[in-house]
Amino acid sequence: MTSPARSAASGDHRPARWVRTRLRTAPWAALLTAGLAFALVFLAAVFPRVLDRGADAALRDFLHDRGPLETSLLSTAAPRPDRGESAADLESVAGELLARTGAGFSVAPSGPVFGAEGVRLRALTTAGLDRPDGVSPPTLNLLYLHGFAEHSTLVAGAWPSGGATAGDPIPIAVALDAAEKIKIRLGDVLGDDSVPSRQVRVTGFYTVTDPADPFWADLPCTGRACLVRSLDDPNTRHWHTAAVVGGDDLGALAVWGHHVRDFWRLPVDIDGLRADRLAGVRRDVAAFMTGPTATGLVAATGRTDLATTSRLPGHLERAVVRQAAVAPLALVGPAAVAGVAGVVLALATALTMQRRGAELRLLRARGASGAGVLARLSGESAVAVLPAAVAATALALWLRPTPRWTAAVTAALVVTLLALLAVPVRAALPPARDLGGALRRGRYIAELAVLVLTVAAVTGVRRRSAAPPDAGPDLLLVAAPLLIALTAALLLARLLPHLSGILARAAARGRGTVGFLGLARAARDTDGRPRPSVLPLLALVLAVTTAGFGASVLEGVDSARQRAARLIVGADAYVTAPAGATLPPGFVQAAAALPGVSAATGVRLESEAFLLEGVPGARAGVDPGATQVTLVVAEPQAYARIARVVGAGVFDPAALAGAPAASGPAGPAAGAPTVPALFSADLARRLGPGGHRLRLPSGGEVLTVHAGTVDATPALPGATRPFVVLPTPAAAVLPELARITDWFAVGPVDEPALARLVHELPPSALADPDAPPPGSTASTAVVGNDPDALRNGYLTRTSAAVTADLARDPLQHAAGRLFLHAVLAAGALTLLAVLLTLLRAAPDRAALLARLRTMGLRSRQGLALVLAETLPQTLAAAAGGALAALAAVVLLGPAVDLSTLVGAPVPTGLRSAAGPLALPAVVFAVLVSLAVVAEALTGGRRRLATHLRLGDRP
């Protein structure tokens, strides 16, 4: 080549710059390169941002669902005797507590909640106050709350202030709701009439501004009156409320409440927590409770008994476990996208080298050095790649804002370098034909290495199961499905030539030549070698395997969640009466007639029954000791079907069939009827064969005979105490066994109809119609409860409601959305890989079709030839991907723990199903086939003369 300096010295025209000339010569190639770089860099930058945002959102939603009490730090201490009790001292301690937050965590914007309260409750014996059952008087405790007036509204009277003199009643403010229910009037003096210092005077009524405000989280009876059961007699109830005093009357709290407890509740700012900093937050919270921070607070405040407690560390630890459990599913999708993106980049590089191979060989033949070619191609790539990479990175950072940007920018830089140097580095390497045997040996070594890594990964996952939560994402479990897919692609590339050859020989026996020619070409790569290219196979197999494995996990989560919901409820629908009460007559029959009920039974549950080991006189020498058991009385046929549907305690109803029979002639119980019974497994191991007396709290007894053993029973999900199951005919022996306390049903029960039926039940005597419904937080709400039914005194639960509550976890949704996006991205990149493969083979195929058309090949036959050449590889790759996904489920399934994704403990393991495995394969095969047909139709419209010119490569 002529140097620029020699040309300038000789006065010749200065040659045009290389990059500008190349861009003008092939502008579309530069635009396609820029577009490909933009897409790959955007995916590389956006996936870490999506992972970060999903992890942060899941953490915050999880902690928000726990409620403010569960995520707060509660510090308590007794007043200092040397200073007395004052509002200023409480505020000073609050300032010291706040000063030591902010490193790993901070206090919520609502601020701390602190004050003082009397420890003892006192009864209000004043005449005229309401007593719900006419027995127990209302109770009252006093407290001081800093900032109380800012969260409530005074509706009558005045706030307590000024302080009470010795012997005078303590001025208080009472909630208007409590005053109306207990019948307290403004100005009333309440308490012990004989001791004036133990009296209070009502100076004002107030209402709570916002009952959902976290300020009231641990003060449920401060803004209203609570109906509680009396300790002396659980069957009676009384009103209870809390009243507030002014800041000048803190000393009076000890007179009324005997002892005073100062408290400071610091609600942690959940919205400021980040998933990647949980370790630091846990250390700071631990230091606040028992570490150096706690020691410093004792010294700074002078409160030697200052102690801080919180449930937050346990929730943070659970959040770490949840993140570790979900990480494999969250990462396997992006990892597959990275693999398919690498395939696309390699195919794009191969297509560029094929297009420019002659040009580069000419440059090298004319004396261009490898470094010179590398530098020129790098500059050419930089013009197209760098602006696109910068734009893609900026767009990803803008679309998915998170505080963390290192991972996204690093991934974008790596992909940018790969896109920038792929073509230059490949051009600097020797041609593949020059490597010869070395390339083949390298391929054998690489394939053997992949096989060894796959076996090692699968073996490691199966041996040690999941990685410990603190070890970070389980990368081995993430890599194992991808290695299985890679091994399947390599194996398929080895088998396809033989399969295509068999099909081609079969097609050769037919009359036409199109099928034979297409199948023969299918067994060769674009350079005519007798093996297909591994890269498009790898892209399709990787996408299908990842989609199939992930779909199997998601389908397993859905089915396991439904099974877990049934186990939690004990059926598909469940209604229970309050403690000590029974379901009204006729309810069981009316509920069984509801739409959707396939099997239902009323059940008698008794937790205070005792089983006496042995019938007196029947077995000499046996100690007749008593074992407390839970008694379940149910109709055998319906209860057996419920157990079979739920999957807990399956038994043969024939074991409990038949009327009670008379016992043998032995001892004082001789001749008494015996009832067949199912014993829990632990109880059956302790007891021997023969009859046993079952005694109820009323003193009634029934003789039982062991008819079978079950390890669980639907009416007692998660029972730890021994239980006994009796059939309903046992009521003929002991009539009190006919009292129905619970109702169970399976089938698609009409929930609105069931709710209406329960609401029509007469209110229980123990119900509180004014009680608020359960809160929305998981710490207070019972999953699947009907709040209206609770206020009516009855509890209703359905498996559908429990399933919906379990599926509400944002961590599950974030992982599912990320996986879906990854599958879509992998699918799009797979289509791009197929199109690049078609474009790479397009010149050779078009020339062949042109020559065949000169010999009479019709357009329809040309399309058939293209399909015969490409579809076998596509269908084989889709089928291979489905089989690889099945292999991943079978090999890795025993190590997959779905409990976190389900939201409840479930057995470890993953089941294979045809639907999740076949659907991705069919979808990808159809999409790729449509892309092949579209390319064949557009490519077939080219003119014959274009491909029949002299010098074209056949």
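Keep in mind that what you see is a predicted model, and the values were worked out from it rather than measured.

Right, let's talk about the overall build of the protein for a bit. For the protein, the count of helices and strands is 27 helices and 22 strands. The buried share among the 954 residues of the protein stands at 48%. Long-range pairs, those at least 24 residues apart, make up 79% of the contacts in the protein with a sequence separation of at least 6.

Moving on to the packing of aromatic side chains. With the rule as written, the count across this model stands at 10 aromatic pairs. Between Phe587 and Trp743, the aromatic rings sit 6.1 Å apart at their centres with planes inclined by 80 degrees, giving edge-to-face as the arrangement. In this pair, Phe587 is assigned in helix α17 (residues 587-592) and Trp743 in strand β21 (residues 742-746), connecting sequence segments 156 residues apart. According to the relative accessible area criterion, Phe587 is buried, its value standing at 3%. Among the aromatic residues, those joined into a cluster by ring pairs are Phe148, Trp159, Tyr206, Phe215 and Trp216.

Take the state of the cysteines next. Under the definition given, this model contains one disulfide. Shown here is the disulfide that connects Cys221 with Cys226, its sulfur atoms set 2.0 Å apart. When the S-S torsion is -115 degrees, as for the bridge of Cys221 with Cys226, the disulfide is left-handed. Classification of Cys226 by relative accessible area gives buried; the value is 6%.

The phi torsion at Lys183 lies on the positive side, around 70 degrees, for a residue other than glycine. Here Lys183 lies in the loop between α5 (176-182) and β7 (189-191).

Each α-helix turn comprises 3.6 residues. Residues three or four places apart therefore point the same way. Those residues of helix α22 (residues 799-806) that fall on the buried side of the exposure criterion are Ser799, Val802, Thr803 and Leu806. Seen from one end, α22 has its buried residues packed into an arc of 100 degrees, which puts them on one side.

Within the fold, Leu863 resides in helix α24 (residues 859-892). Separated by 69 residues in sequence, Leu863 and Val932 have C-alpha atoms that sit 9.7 Å apart.

When two helices pack together, their arrangement is captured by the angle between the axes and the distance separating the axes. Across the interface, helix α7 (residues 278-290) lies against helix α8 (residues 292-301) with an axial gap of 4 Å and an inter-helix angle of 40 degrees. Classified by the angle their axes make, α7 and α8 are oblique. Here α7 runs over α8; the crossing is right-handed. Residue-level inspection shows Ala287, Phe288, Met289 and Thr290 of α7 in contact with α8, the latter providing Pro292, Thr293, Ala294 and Leu297. A per-class count over the contact of α7 with α8 returns six nonpolar, two polar and no charged.

Let us now look at the pairing of strand β15 (residues 626-634). In terms of burial, β15 is a largely internal element, seven of the nine residues being buried. With seven bridges joining them, strand β14 (residues 599-612) and β15 adopt antiparallel strand pairing. Following the sheet pairing, Ala609 is matched in β15 by Val629.

Next up on the list: the confidence of the model for the protein. Of the residues in the protein, 80% have a pLDDT of 70 or more, and the chain-wide mean is 78. At the low end of the mean pLDDT range in the protein sits helix α21 (residues 787-791), at 42; at the high end sits β21, at 91. Low pLDDT, under 50, characterises residues 615-623; the stretch is placed with 14 contacts to residues that sit more than four places away or in other chains. Taken as a whole, residues 950-954 scores under 50 in pLDDT and shows six contacts with residues more than four places along the chain or in a different chain.

Once that is clear, we can look at the pattern of salt bridges. Summed over all chains, the structure comprises 19 salt bridges. A salt bridge links Asp276 to Arg274, with the shortest nitrogen-to-oxygen separation between them at 3.0 Å. For Asp276, a relative accessible area of 43% corresponds to the partly exposed category. Via salt bridges that share partners, Asp52, Asp56, Arg274, Asp276 and Arg404 belong to a single interconnected network.

Among the residues of α8, those classed as buried are Thr293, Ala294, Leu297 and Thr301. The arc that holds the buried residues of α8, viewed along the axis, is 100 degrees, so those residues lie on one side. Residues of α8 that are exposed and point over 90 degrees away from its buried face: Pro292, Thr295 and Ala299. Those residues of α8 hidden inside the fold are in contact with α4 (87-99) and α7.

In terms of burial, strand β6 (residues 170-175) is a largely internal element, six of the six residues being buried. In this structure, β6 lies alongside strand β8 (residues 199-208), joined through six bridges in parallel fashion. Bridge pairing in β8 links Ala175 to Tyr206.

The next subject is a nonpolar patch on the surface. On the surface, a cluster of nonpolar side chains totalling about 520 Å² of accessible area is made up of Leu919, Val922, Val923, Val926, Leu927 and Leu930. Assignment of secondary structure puts Val923 in helix α26 (residues 914-939).

This part takes up the environment of Val646. Along the chain, Val646 turns up in helix α18 (residues 636-646). For the pair Val646 and Gly570, spaced 76 residues apart in the sequence, the C-alpha separation amounts to 6.7 Å. The residues touching Val646, leaving out its near neighbours within four places in the chain, are Arg566, Leu567, Gly570 and Ala571.

Let's shift gears to the environment of Thr309. Counting through the fold element by element, Thr309 comes out in strand β12 (residues 307-309). Remark: the alpha-carbon pair of Thr309 and Leu73, spanning 236 residues in sequence, is separated by 6.0 Å. Residues within four places of Thr309 in sequence aside, it is in contact with Ser72, Leu73, Leu74 and Met289.

Residue placement: Glu447 occurs in helix α13 (residues 437-464). Residue classification places Glu447 among the buried positions, given a relative accessible area of 16%. If sequence neighbours within four positions are ignored, Glu447 has contacts with Leu490 and Arg494.

This part is about the side chain of Arg693. For Arg693, the location among the structural elements is in strand β18 (residues 691-695). The class for Arg693 is buried, based on a relative accessible area of 13%. For Arg693, the side chain forms a polar contact with the side chain of Glu701, separated by 3.5 Å.

This part takes up the packing of helix α16 (residues 534-569) against α22. Relative to each other, α16 and α22 sit at 125 degrees, their axes nearing to 8 Å. With respect to their mutual orientation, α16 and α22 come out oblique. Between α16 and α22 lies a crossing whose hand is right-handed. Contacts between α16 and α22 involve Arg561, Gln562, Ala565, Arg566, Ile568 and Val569 on the former and, on the latter, Ser799, Val802, Thr803 and Leu806.

Reading the values: the criteria
Residues numbered from 1 in each chain as written. Predicted model: local features only at pLDDT ≥ 70, side-chain atom pairs only at ≥ 80, totals over all residues. Heavy atoms only, no water. Helix = DSSP H or I, 4+ residues; strand = E, 2+ residues; numbered from the N terminus. Buried < 20%, exposed > 50% of the residue type's maximum accessible area, 1.4 Å probe, protein only. Contact = heavy atoms within 4.5 Å. Phe/Tyr/Trp six-rings, centres within 6.5 Å; stacked < 30°, edge-to-face > 60°. Disulfide = S-S within 2.5 Å. Arc of directions from axis to C-beta. Axes fitted to C-alpha atoms, helices over the stretch in contact; angles between N-to-C directions. Parallel < 35°, antiparallel > 145°, perpendicular 65-115°, else oblique. Left-handed = near helix turned anticlockwise from the far one by under 90°. Nonpolar A, V, L, I, M, F, W, Y, C, P; charged D, E, K, R; others polar. Pairing = 2+ DSSP bridges. pLDDT = per-residue confidence, 0-100. Salt bridge = Lys/Arg side-chain N within 4 Å of Asp/Glu carboxyl O. Patch = residues over 30% accessible without salt bridge, like charges linked within 9 Å, V, L, I, M, F, W, Y side chains within 5 Å. Areas by Shrake-Rupley, 256 points an atom, 1.4 Å probe, with all protein chains shown as cover. Polar contact = N/O pair within 3.5 Å; in protein donor to acceptor, adjacent residues only side chain to side chain.

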